[in-house]
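Geometric and topological summary
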Amino acid sequence: MTQAQLQAALDASGYPTVYGSFKEPKQPPYVVFIRPSADTVSSDGKVHGKFQNYIVELYTKQKDLAAEKKLEDIVGAIDPEYETLEVYIDTEKMYQVTYSITIFEKVGS
């Protein structure tokens, strides 16, 4: 799966979705994702693929189990071993649910 394919999968949630940050503020719920790290898989001096580590963040004004379920269905289909962390951002008066996923991206043929 590529980053573009991940974007398309997250777009299917129906929530505004962006890599990095929105240029203009959005009203929740919305989704932001980033790739903070990647690990290459290689042998014989050749890279065969990369484990792309993504953070997918869901922002909501109140606890929204339906929105969380929608995102969990998407990320669970991509990486069944995803990890979740939830925090309330008091200064923003919103919830942030973070999903950590890993995607293998094959390089070459």
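Keep in mind that what you see is a predicted model, and the values were worked out from it rather than measured. (Residues numbered from 1 in each chain as written. Predicted model: local features only at pLDDT ≥ 70, side-chain atom pairs only at ≥ 80, totals over all residues. Heavy atoms only, no water.)

1. A word on the overall build of the protein
A tally of regular secondary structure across the protein gives two helices and five strands. In terms of principal-axis extent, the alpha carbons of the protein reach across some 50 × 30 × 25 Å. Looking at the 109 residues of the protein, the share that counts as buried comes to 32%. As displayed, the protein offers around 6700 Å² of accessible surface, 51% of which is attributable to carbon and sulfur atoms. Looking at the protein, you have 11 positive and 16 negative side-chain charges, and the mean spots of the two groups are 6 Å apart. (Helix = DSSP H or I, 4+ residues; strand = E, 2+ residues; numbered from the N terminus. Buried < 20%, exposed > 50% of the residue type's maximum accessible area, 1.4 Å probe, protein only. Areas by Shrake-Rupley, 256 points an atom, 1.4 Å probe, with all protein chains shown as cover. Lys, Arg positive; Asp, Glu negative; His and termini not counted. Charge placed at Lys NZ, Arg CZ, Asp CG, Glu CD.)

2. Section: the packing of helix 1 (residues 3-11) against helix 2 (residues 65-78)
As a packed pair, helix 1 and helix 2 sit with axes 9 Å apart at the nearest point and diverge in direction by 150 degrees. Taken together, the axes of helix 1 and helix 2 lie roughly antiparallel to each other. For the crossing formed where helix 1 meets helix 2, the hand is right-handed. Every residue of helix 2 that contacts helix 1 at L6, A9 and L10 is listed here: L71, I74 and I78. Counted by class, the contact of helix 1 with helix 2 contains six nonpolar, no polar and no charged residues. (Axes fitted to C-alpha atoms, helices over the stretch in contact; angles between N-to-C directions. Parallel < 35°, antiparallel > 145°, perpendicular 65-115°, else oblique. Left-handed = near helix turned anticlockwise from the far one by under 90°. Contact = heavy atoms within 4.5 Å. Nonpolar A, V, L, I, M, F, W, Y, C, P; charged D, E, K, R; others polar.)

3. Focus: the confidence of the model for the protein
On average, the protein scores 95 in pLDDT, and the residues at 70 or more come to 99%. Mean pLDDT values for the elements of the protein range from 94 in strand 2 (residues 30-43) up to 98 in strand 4 (residues 83-89). (pLDDT = per-residue confidence, 0-100.)

4. Here's the deal with the nonpolar core
L10, V56 and L71 are the most contacted members of the largest nonpolar core, which totals 17 residues. Taken together, the elements giving at least two residues each to this core come down to helix 1, strand 2, strand 3 (46-60), helix 2 and strand 5 (94-106). In contact with V56, not counting residues within four places along its chain, are L10, V31, V32, F33, L71, V97, T98, Y99 and I101. (Core = buried A, V, L, I, M, F, W, Y, C linked by side-chain atoms within 4.5 Å.)

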